[in-house]
Amino acid sequence: MLETATAQAAIAQAAERYRPAGRWAYGFARGKMGGDPAYKRVLELLEGHGRGTLVDVGCGEGHLLALARALYPELSLFGVDHDGERVATARVALHGFERLVLEAGDARTVSLPACQVLCCLDVLHYMSLEDQDLLLTRFAEALAPGGILLIRDGRSGAGFRSTLTRLSEQLAVAFGRHKGEGVYFREAEATRATLSALGLEVELQDCAQGTPFANVLWIGRKPGAQA
Ligand SMILES: C[S@@+](CC[C@H](N)C(=O)[O-])C[C@H]1O[C@@H](n2cnc3c(N)ncnc32)[C@H](O)[C@@H]1O
């Protein structure tokens, strides 16, 4: 089990890397890494998957990559995001990292490396349901036997929380905070069914602790032994 002190030390170390990218980038990194319940949970789930390649789809400014390297230095890292400015910030913050590839491109078309861990946090809903299905298929293909897929996103069907989540994302897209084609959520069980049909063993967890949002974490495990 990941100790709180260990996680806090990793957050401090990873956030420190954002100072050269400016005060805003540093403050955002610090707040996001320390305040978003997804990060601590994802880092816990990485235990036992600390070697091989971690892919972060829609990596933004690279916060998860910085954290993963702080805690699991043996992991090779691959991040992709279609927002060139965010990738530029990630490049400044992660400067000097070995075994790191950062791509400015569309997750639907960029070639994903074979990986032991694939993360996709708060990204799927920016694309149509058809494209989400396409991406989930690509994730399942890229994942090595014994690998783990971690998807965090909002869901529909949770009443006021879903409405609030949708609204805040629609505003973020409208005001250009996030680049996306729209906001498309669906029922958590529908995504679980798609992942199961792709051959993954799927677990669903609430991932909104301390926030008013309707966020969940889909944990997909690909059967087989790790190489
Ligand atoms: C809400 S941010 C989340 C960033 C990061 N995953 C995190 O947890 O902090 C969503 C990110 O997904 C990226 N994104 C959305 N659609 C994408 C696509 N089709 N290809 C690549 N990146 C995409 C956006 O540019 C943005 O950086």
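Data block above holds the structure.
Residues numbered from 1 in each chain as written. Predicted model: local features only at pLDDT ≥ 70, side-chain atom pairs only at ≥ 80, totals over all residues.

**Re the site of the ligand**
Counted only if it meets this: Nearness is defined per residue: the C-beta atom, placed using the backbone, must lie within 6 Å of the molecule or strand. Residues are grouped as follows: Ala, Val, Leu, Ile, Met, Phe, Trp, Tyr, Cys and Pro are nonpolar; Asp, Glu, Lys and Arg are charged; every other residue, Gly included, is polar.
Taken together, the neighbourhood of the ligand is formed by 21 residues, with Gly58, Gly60, Asp83, Ala107 and Leu121 sitting nearest. A class-by-class count of the residues in the shell around the ligand yields seven nonpolar, six polar and eight charged.

**Some remarks on the environment of Gly50**
This is how it is decided: Only DSSP runs of H or I reaching four residues or more are called helices, and only runs of E reaching two or more are called strands; each is numbered from the N terminus. The burial criterion counts other C-beta atoms lying within 10 Å of a residue's C-beta, which is placed from the backbone; the residue is buried at 20 or more, exposed at 12 or fewer, and partly exposed between these limits.
With respect to the helices, strands and loops of the structure, Gly50 is situated in the loop between helix H3 (37-45) and strand E1 (53-57). Judged by local crowding, Gly50 falls into the partly exposed class, with 15 C-beta atoms found within 10 Å. Taking the C-alpha atoms as reference points, Gly50 and Ala68, 18 residues apart in sequence, are found 8.6 Å from one another.

**Description of the pairing of strand E4 (residues 115-121)**
Note on strand geometry: in a regular strand, side chains alternate between the two faces of the sheet. Put simply, the test is: In short, DSSP must find at least two bridges between two strands for them to pair. When the strands point away from the viewer and the path from the first strand over the helix to the second turns clockwise, the crossover is right-handed.
Of all seven residues in E4, seven are buried, a share of seventy percent or more. Note that E4 and strand E5 (residues 143-154) share six bridges and pair parallel. Bridge pairing links Cys119 to Leu150 in E5. Handedness of the crossover joining E4 and E5 through helix H6 (residues 129-142) is recorded here as right-handed.

**Quick notes on helix H4 (residues 63-71)**
In terms of burial, H4 is largely enclosed, as nine of its nine residues are buried. Of all the positions in H4, only His63, Leu64, Leu65, Ala66, Leu67, Ala68, Arg69, Ala70 and Leu71 are classed as buried.

**Some words on the sheet that holds E4**
Counted only if it meets this: The axes are straight lines fitted to the C-alpha atoms, using for helices just the contacting stretch, and the angles between their N-to-C directions are given from 0 to 180°.
One open sheet holds the seven strands; their spatial order is E3-E2-E1-E4-E5-E7-E6, and the pairing between them is mixed. At either margin of the open sheet sits one strand with a lone partner, and together these are strand E3 (100-104) and strand E6 (201-206). Each strand axis lies, on average, 15° off the axis of its neighbour in the sheet, ignoring direction.

**Some thoughts on helix H8 (residues 188-197)**
Going by this rule: The arc under discussion is defined with respect to the helix axis, by the directions toward the C-beta atoms. C-beta atoms are first placed from the backbone for all residues, and any pair lying within 7 Å is then listed as a contact.
Here H8 has its buried residues at Ala188, Thr191 and Leu195. Viewed along the axis of H8, the buried residues span an arc of 70°, placing them on a single side of the element. Facing away from the buried side of H8 by more than 90 degrees, the exposed set consists of Glu189, Ala193 and Ser196. Those residues of H8 that are buried are in contact with H6, E6 and strand E7 (215-221). The positive-phi residue at the C-terminal boundary of H8 is Gly199, with phi of around 95°.

**Topic: unusual backbone geometry**
Positive phi is not limited to glycine here, since Arg99 has a value of about 50°. Secondary-structure assignment places Arg99 in the loop between helix H5 (84-93) and E3. For Asp122, which is not glycine, the phi torsion reads 60° and is therefore positive. Within the element layout of this structure, Asp122 appears in the loop between E4 and H6. Note on Asp122: 19 C-beta atoms within 10 Å, which makes it partly exposed.

**Overview of the packing of helix H1 (residues 4-16) against helix H2 (residues 23-35)**
We count it as follows: Any angle from 65 to 115 degrees is called roughly perpendicular, while one under 35 is roughly parallel, one over 145 is roughly antiparallel, and all others are oblique. Here is the rule for handedness: rotate from the far helix to the near one, and if that takes an anticlockwise turn smaller than a right angle the crossing is left-handed, while a clockwise turn gives right-handed.
At a minimum axis separation of 9 Å, H1 and H2 run at an interaxial angle of 160°. Our classification of the angle between H1 and H2 gives roughly antiparallel. Every pair of crossing elements has a handedness; the one defined by H1 and H2 is right-handed. Only Tyr26, Ala29, Arg30, Met33 and Gly34 of H2 make contact with H1, whose side of the interface consists of Ile11, Ala14 and Ala15.

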